[in-house]
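Overview (structure and organization)
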Amino acid sequence: MLPVLLLSGLAAGVRAVNNGLARTPQMGWNNWNSLGCDVSESLLLDTAKKLIDAGLRDVGYNYVVLDDCWSDGRGSDGYIRVDKVKFPNGMKSIAKHLHDNGLLYGMYSSAGEMTCARYEGSLDWEKQDAESWASWDVDYLKYDNCYHRGRFGTPEISFNRYNTMWQALNATGRPILYSLCSWGEDYVHTWGMSIANSWRMSGDIYDSFTRPNDLCICTNAADPHCVAPGSHCSVLNILNKVAPYADRGQPGGWNDLDMLEVGHGGMTDDEYVAHFSLWAAVKSPLLIGADLRHLDAKTLTILNNPAVIAVNQDPLGRSVTRVRRDTDVPKDKYGVGETQVWSGPLYGGDEVVILLNAVGEDLEMSTDLNEIFFSDGPEGSAPQTKEKWAVYDLWANRMDDGTAQRILDAPVTELESVFSKANVYNSTLTPYVEGLKAGDERLMGKKVGELAPGGELKATVPKHSVKMYRLKSLENGGKRYSIHRDEL
Ligand SMILES: *[C@@H]1O[C@H](CO)[C@@H](O)[C@H](O)[C@H]1NC(C)=O
Ligand SMILES: *[C@@H]1O[C@H](CO)[C@@H](O)[C@H](O)[C@H]1NC(C)=O
């Protein structure tokens, strides 16, 4: 059976959380990775302006999410109070400002008696807190897992604790994107989609590509002894944890690999490219974690690559899966080293392929159509293996640093002409699904070759980086899968 038919059959039966949100993974910004508790009204408003002026809102980053440390205890009426020093005009005024600027507002709490930074938590106050967020016109809740008074240990206990908030949010009548953050505990990948729009499947990320750390002791999410998901999890650690569950994401509910470290400073440019590519292709929410007030050109050219974002926002909503992992390769100074191949279906019968080199030296890597289409039929039985394919490199048209710098330097009055000269993709004007239907070249990447039936895809992959490709069938004048386009 063809993958697209199979998948649309699956989608019809889906009973994911039914609030109409996150039909593709949510995108936006969250302050935690770079600023922690250093939050304020001006931070949110300055960041909103930067999202717009740097063109990031208009490639899809539309949620501005305030993390921990915003409250000031709970009043005797049972309702949580806003810290008036940090947020002198209250939350509703921030929501209004964001909405007036084409953005959405996200806030944070914990399913515990305290938040992780030991502010007021929402456990047993779900109704009051959901009412507060709805009354402030909030659009998104990140709901953490600290200080839960021991209410975890089985999937059902965790489910019930998080379901209380989903029911409370639902009862407000306001569609609020529910971003569940239980760090992968209690097999959240088996129940998260019933009550939430995304679920974190790992402890917190940190700004390292491969370096192990004692605070992130779990390497395998299926390990029943993995009782401390922790923090300081590397990109590779998180990727290896999501691999067995990558296919659980679906329109309305996504595996959340945690916020992006891109631009934070601890990884090389190649490592950030790999991190961003894989988060996009696994269909993780893409929440920028850098302090955008100090955004640099190189960071912008990773975050604004429309060909990679189009994979994340693909209307089929299917994650890549890992089709090969080799650990018998040279190790780096931390004893870590491996290569991986990931692939998965895209809209219109296209296929995305990622070659990941997590070894401390450049490598020749290769895969072939049998491996790429493994999920559609093992050992070369998939029909796609008998076709010809065009290969498009999704990073070849990355914006150059000079153009990015011109965007960052332009006075507001000149931005329009700078954007138009740079021919940037604008998803506010043309949503990704429309751009994909029209075959917009900016979403396709650059054609770098063709594969004959059964053909091999080879590339030199720099150390700690990826090659990321979109494959398009050349059968029938490229119309091989056109019948399925109408279904979407
Ligand atoms: C994108 O299009 C919208 C709607 O036309 C417009 O308001 C916005 O300025 C455009 N953004 C960019 C970066 O060109
Ligand atoms: C509440 O849940 C019902 C049942 O799933 C759903 O149809 C409705 O859209 C939800 N409303 C909100 C505001 O989340």
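By the naming in an unreviewed UniProt entry, the protein is Alpha-galactosidase, taken from Coniosporium apollinis. Check the Catalytic activity (unreviewed entry) section of the UniProt entry for the protein; it says "Hydrolysis of terminal, non-reducing alpha-D-galactose residues in alpha-D-galactosides, including galactose oligosaccharides, galactomannans and galactolipids." A UniProt comment under Sequence similarities (unreviewed entry) is attached to the protein, and it reads "Belongs to the glycosyl hydrolase 27 family."

Looking only at helices and strands, the protein features 17 helices and 18 strands. Since a compact globule built from 488 residues should have a radius of gyration of about 23 Å, the 22 Å found for the protein is in line with a globular shape. By the burial criterion, 58% of the 488 residues in the protein qualify as buried. Intrachain contacts of the protein at a sequence separation of at least 6 include 74% that bridge at least 24 residues. Accessible surface computed for the protein: about 19,200 Å², of which carbon and sulfur atoms make up 50%. Side chains of the protein give 48 positive and 65 negative charges; the mean places of these two sets differ by 2 Å.

Lining the immediate environment of ligand 2, one finds N18, N19, W166, N170, G173, R174 and P175. For ligand 2, an oxygen atom lies 3.0 Å from a polar atom in the backbone of N18. Here an oxygen atom of ligand 2 and a side-chain polar atom of N170 are 2.4 Å apart. The protein chains hide 57% of the 360 Å² of surface that ligand 2 would expose on its own.

The next thing to look at is the site of ligand 1. Around ligand 1, the neighbouring residues are D58, F419, N426 and L429. Contact between ligand 1 and D58: a nitrogen atom at 2.6 Å from a side-chain N or O atom of the residue. Between ligand 1 and N426, the relevant distance is 2.4 Å, taken from an oxygen atom to a side-chain nitrogen or oxygen of the residue. In isolation ligand 1 exposes 360 Å². Once the protein is present, 57% of that is buried.

Right, let's talk about the sheet that holds strand β12 (residues 338–345) for a bit. Ordered in space as β11-β12-β13-β18-β15-β16, the 6 strands form an open sheet in which the pairing is antiparallel. Looking at which strands have only one partner, the edges of the open sheet turn out to be β11 (321–326) and β16 (446–451). On average, each strand axis in the sheet is inclined to that of its neighbour by 25°, with strand direction left out of account. Pairing geometry for strand β15 (residues 389–393) and β16, over 5 bridges, is antiparallel.

Across the sheet, which stays open at both edges, the 8 strands sit in the order β9-β8-β7-β6-β5-β2-β1-β10 with parallel pairing between neighbours. A single partner strand is all that each edge strand has here, and the edge strands are β9 (254–256) and β10 (286–288). Within this sheet the neighbouring strands show an average axis-to-axis angle of 25°, counted without direction. As paired strands, strand β5 (residues 104–110) and strand β6 (residues 140–144) are joined by 5 bridges and run parallel to one another.

Buried residues dominate β6, accounting for 5 of its 5 residues. Every second residue of β6 is oriented toward a common face, with Y140, K142 and D144 on one face and L141 and Y143 on the other, all of them buried. In this fold, β5 hands off to helix α5 (residues 126–135), which returns the chain to β6; that crossover is right-handed. Both β6 and strand β7 (residues 177–180) contribute to a ladder of 4 bridges, which runs parallel. Its bridge partner lying in β7, K142 is registered against S179. For the handedness criterion, the β-α-β arrangement of β6, helix α6 (residues 155–172) and β7 is classed as right-handed.

All right, on to the state of the cysteines then. Inspection of the entire model under this criterion finds 3 disulfides. The side chain of C37 participates in a disulfide bridge whose partner is C69; the two sulfur atoms lie 1.8 Å from each other. Within this pair, whereas C37 is found in the loop between α2 (32–35) and α3 (41–53), its partner C69 is found in the loop between β2 (63–65) and β3 (71–74), the two being separated by 32 residues in sequence. The disulfide partner of C216 is C233, and the S-S distance across this bridge is 2.2 Å. Note on the C216 and C233 pair: the S-S dihedral is about 100°, so by sign convention the disulfide is right-handed. In this pair, C216 sits in the loop between β8 (198–200) and α8 (235–242) while C233 sits in the loop between β8 and α8, placing the two residues 17 residues apart along the sequence. When sorted by exposure, C216 lands in the same class as C233, which is buried.

When we look at burial in helix α4 (residues 90–100), the residues that qualify are G90, M91, I94, A95 and L98. Elements in contact with the buried residues of α4: α3, β2, β4 (80–82) and β5. Just beyond α4, the residue with positive phi is G102, at close to 75°.

Calculation criteria
Residues numbered from 1 in each chain as written. Chains lettered and ligands numbered in written order. Predicted model: local features only at pLDDT ≥ 70, side-chain atom pairs only at ≥ 80, totals over all residues. Heavy atoms only, no water. UniProt positions renumbered as here; feature names shortened; annotations may be inferred. Helix = DSSP H or I, 4+ residues; strand = E, 2+ residues; numbered from the N terminus. Rg over C-alpha atoms; globule rule 2.2 N^0.38 Å. Buried < 20%, exposed > 50% of the residue type's maximum accessible area, 1.4 Å probe, protein only. Contact = heavy atoms within 4.5 Å. Areas by Shrake-Rupley, 256 points an atom, 1.4 Å probe, with all protein chains shown as cover. Lys, Arg positive; Asp, Glu negative; His and termini not counted. Charge placed at Lys NZ, Arg CZ, Asp CG, Glu CD. Near = heavy atom within 4 Å. Polar contact = N/O pair within 3.5 Å; in protein donor to acceptor, adjacent residues only side chain to side chain. Pairing = 2+ DSSP bridges. Axes fitted to C-alpha atoms, helices over the stretch in contact; angles between N-to-C directions. Right-handed = clockwise from strand over helix to strand, strands pointing away. Disulfide = S-S within 2.5 Å.

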